[in-house]
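Coordinates in review
This is what each chain is made of:
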Amino acid sequence: MATANPHPQVAGILSALLAGAGQAYNGQRTKGIAYMAVEAVFLVLLFTVLRDPLYGLVTLNPVGRFVDSRHILLAGIIAAFVVAIYAWFHIANIVDAVRTASSIRKRHALPDDMQRIHPEYRTPAGTIAPYLYIAPSLLVAFFVIVIPLAFGIALAFTNYNLYHCPPAGRFDWIGLENFRRLLKPGSLWKDQLDMVLVWNIVYALLGTVLAFLCGLALSLMLENRHIRFKGAFRTILMLPWAVPATVSIMVFFGLFNTTFGPINEILKNIGLKAVPWFQDRTWARVSVVLTHVWISTPFNLSVISAALQSIPEEIYEAATVDGASPWQSFSKITFPLLMSVVAPILVLTLAGNFNNFGIIYLLTGGGPAVAGSKGAGATDILMTWVYDLGFQQLQWSIASALAVLVFIFVVVFSLINFRLSGVLRQLREEE
Amino acid sequence: MSANTATGKNARKAKRTVGTVLIYAGLIIACIIVLYPLLWVLSCSFKPTAGLVGSSLIPSNPTLANYRKIFTDPNVNFSRWFFNTLKISVVSALLTLVLTTPAAYAFSRMRFPGRRQTLIGFMICQMFPGFMAIVALYTLLGWAGLIDTHLGLIILYAGGAIPFSIWLLKGYFDSVPVEIEESAMIDGATKFQAFTRILLPLAKPILYVVGLINFLGPYAEYLLAQVVITSGSKWTLAMGMRSLTVSQFATDWPIFSAVSVLTAVPIVIVFLSAEKYIVSGLTRGAIK
């Protein structure tokens, strides 16, 4: 079957029909047999182990050993991924056959894309080597991250709730119904979503900006030439980062406590009124932001300090010689240079703070309650509300739909950031 | 004219002194804000359980009873919580390193189909709210028989840390010149030997940083722990502390404080002694 002058189209069609056939036609016999073996194994799997789960994924009906809707869905998703991975292999196999054939025709020893690759990887062992290095990570990440996330997304399109709750009940596909309920103008869900979303954005922005400003102020103070004991000041100021955040949050839970907390006692001692920290919606929000700033300032301080030290001294000297005032040299030199370095990190922390679950869950638990029946409290951000909807109210489907909305929000935001910071371009240039 | 410059100098000097004093004042106020919550908890841990804890930093009848209690009271099993937490954090940090170091090496030193897609995929995984995974993780752990086991929790921590750790390690490996490995390979070393004998020793700082970050993360993690672990004997520190803040709590506060102090002190020491490395490890990619 092998031919000295293979035709790319023929090779492609052969490989499309049977993986490896095109390769064999091109004269790569071992490769062709290996590819055929992969396809054979896949076809056997498809009609044995994978059949029931794939059927279950489409219908969500009990099938074979799978009775619990969650198990049906999960097995179906794993099977679908196996199919997708094979599909990727099959397409790569077609592309490979076409390229090999055309490069043989052009009397090139190797296909174009192989020319770019280091000679070492032209051997079969060299081609597989990188995949062996990444296989353990990929395998674990596949089961701990990828499959569970796909499952979470899938739940958003089902009616998994208190009334359709396995193992007793079963849930079904309901399409976009959850999203329709969440986004329908005027509905109770939409009102709650708006309230939570607005506070979520305010919290993320306020927390990030305030912590940044505190970090900036402190690092500028520490940079000052006339200040002594810098090491001691720095160590003390870094402490909130060193203490595990969970511990700090629980400590603030005590500090703000209205029966025994010292903050109210101090306020009373200096002649002010006690504050209903966790009972009043505004004060609860203030307590959350204050705790956040206390915990995150050191991170900002250290990043800003590192950035400040990377600005060369000569620029300031030149500015001073030219008669710039301290304020001018700050606003015209330090700040712009600092922002160009710190901005990507700042955007990344903003995205992280958007989902900063721990502070709100452990400090206020989302409370105090707000009139309305969907359970979102005054300090609930999307993630704590989602958590509550899932674990407390067993509204898993609508909770998952909300989580998908959060994800879309964060991805759009982060993609802009990556575009700005050039991560994607850098990756492309590396290859 | 000389008198003028002199007064000018004096004025500038005075202005500078005022500025310096203001900066000292600012720094001291910041230090007080930072230290008060920490010192308050420390002092609460020495306050008797009966009385009100109050705002003072110096306990009137200091006592070690709380510390004695957390090592003897079966309901506040500090040593067990601590041992569980230590085991989980150390093992998951090591597991993360073992899984991600070879992968980061491949991403940094090799070019292969799917490389860029996988790295971007890892980045996108980081943006998903972790909550979405919980139902599936619980089901998967159930299938594997790992509900209410430390191994289950360790796998979740190590797995969740993979994308972030690979990015961090890859960034560092990229900054180590490839020529050293190449010359070793000319001398007959295999690719794998170049990785283990040349690159890994050079990359020790980042290995420590990634290990440390993945130790500190699980050390006080609460959410996943609370989903996976149910029986009290397997509780972690965060779960134990949470149980003290939500149950009958005004009286439990000194006990909680003692647990917090003993939980935080080892981490504070570790963190402060390694702070320089952590900061440079985290910011290396961003600040060049």
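All values reported here derive from a predicted model rather than from experimental measurement.

1. A closer look at the overall build of chain A
Of regular secondary structure, chain A possesses 19 helices and 0 strands. Relative to the 2.2 N^0.38 estimate, which gives 22 Å for 431 residues, the radius of gyration of chain A is 30 Å and therefore markedly larger than a compact globule would have. Structurally, chain A occupies a C-alpha span of about 95 × 70 × 35 Å along its principal axes. Out of the 431 residues in chain A, the part that is buried amounts to 48%. In chain A, the share of contacts with a sequence separation of at least 24, taken over all contacts with a separation of at least 6, comes to 62%. About 20700 Å² of surface is accessible on chain A, with carbon and sulfur atoms providing 68% of the total. Of the charged side chains in chain A, 29 are positive and 23 negative, and the gap between their average positions amounts to 4 Å.

2. Looking at the pattern of salt bridges
Residue and element names in this part refer to chain A. The final tally for this structure, using the stated rule, is 11 salt bridges over all chains. In this structure, Asp52 and Arg51 form a salt bridge, with 3.8 Å as the shortest nitrogen-oxygen distance. Note on Arg51: relative accessible area 51%, which makes it exposed.

3. So, the interface of chain B and chain A
Listed per partner, the contact involves 95 residues of chain B and 93 residues of chain A. Buried surface at the junction of chain B and chain A, summed over both partners, amounts to about 8500 Å²; 81% is from carbon and sulfur atoms. Of all residues in chain B, B:Met127, B:Phe131 and B:Met132 give up the largest surface area on contact with chain A, accounting jointly for 9% of the area buried on that side. Applying the counting criterion to the chain B and chain A interface returns 1 salt bridge. Taken together, the connections running from chain B to chain A amount to 9 residue pairs in polar contact (both at pLDDT 80 or more). Looking at which element gives the most residues to the side of chain B that touches chain A, the answer is helix α1 (residues 2–44) of chain B, with 17 residues.

4. Description of the nonpolar core
Judged by nonpolar contacts, the single largest core of 182 residues is most densely connected at A:Leu73, A:Leu237, A:Trp385, B:Trp40 and B:Phe131. Taken together, domain 1 (8–155) and domain 2 (180–430) of chain A each give at least three residues to this core, which thus spans both. Discounting chain neighbours no more than four positions away, the residues touching B:Phe131 are A:Met383, A:Val386, A:Tyr387, A:Phe391, A:Trp396, A:Ala399 and A:Ala403. Formed by 12 residues, the second largest nonpolar core is a distinct cluster that contains A:Phe212, A:Ile311, A:Val342 and A:Leu346.

5. Topic: unusual backbone geometry
All names here are of chain A. Between Pro166 and Pro167 the backbone carries a cis peptide bond, its omega angle lying at 5 degrees. Mapped onto the elements of the fold, Pro167 is located in the loop between α7 (124–155) and α8 (177–183). Phi at Phe229 is positive, roughly 55 degrees, even though this residue is not glycine. Of note, Phe229 is situated in the loop between α9 (188–223) and α10 (230–242).

6. What about the domain arrangement of chain A?
When the domains of chain A are assigned, the result is domain 1 (8–155) and domain 2 (180–430). On a C-alpha basis, the centres of domain 1 of chain A and domain 2 of chain A stand 43 Å from each other.

7. Details of the side chain of A:Arg70
Within the secondary structure, A:Arg70 sits in helix α5 (residues 69–105). By relative accessible area, A:Arg70 is classed as buried at 18%. A:Arg70 has contacts with A:Phe151, A:Tyr160, A:Pro166, A:Pro167, A:Phe171, B:Val135 and B:Thr139, leaving out every residue within four places of it along the chain.

What counts and how
Residues numbered from 1 in each chain as written. Chains lettered and ligands numbered in written order. Predicted model: local features only at pLDDT ≥ 70, side-chain atom pairs only at ≥ 80, totals over all residues. Heavy atoms only, no water. Helix = DSSP H or I, 4+ residues; strand = E, 2+ residues; numbered from the N terminus. Rg over C-alpha atoms; globule rule 2.2 N^0.38 Å. Buried < 20%, exposed > 50% of the residue type's maximum accessible area, 1.4 Å probe, protein only. Contact = heavy atoms within 4.5 Å. Areas by Shrake-Rupley, 256 points an atom, 1.4 Å probe, with all protein chains shown as cover. Lys, Arg positive; Asp, Glu negative; His and termini not counted. Charge placed at Lys NZ, Arg CZ, Asp CG, Glu CD. Salt bridge = Lys/Arg side-chain N within 4 Å of Asp/Glu carboxyl O. Buried area = accessible area lost by both parts, 1.4 Å probe. Polar contact = N/O pair within 3.5 Å; in protein donor to acceptor, adjacent residues only side chain to side chain. Core = buried A, V, L, I, M, F, W, Y, C linked by side-chain atoms within 4.5 Å. Domains from an automatic or database assignment.

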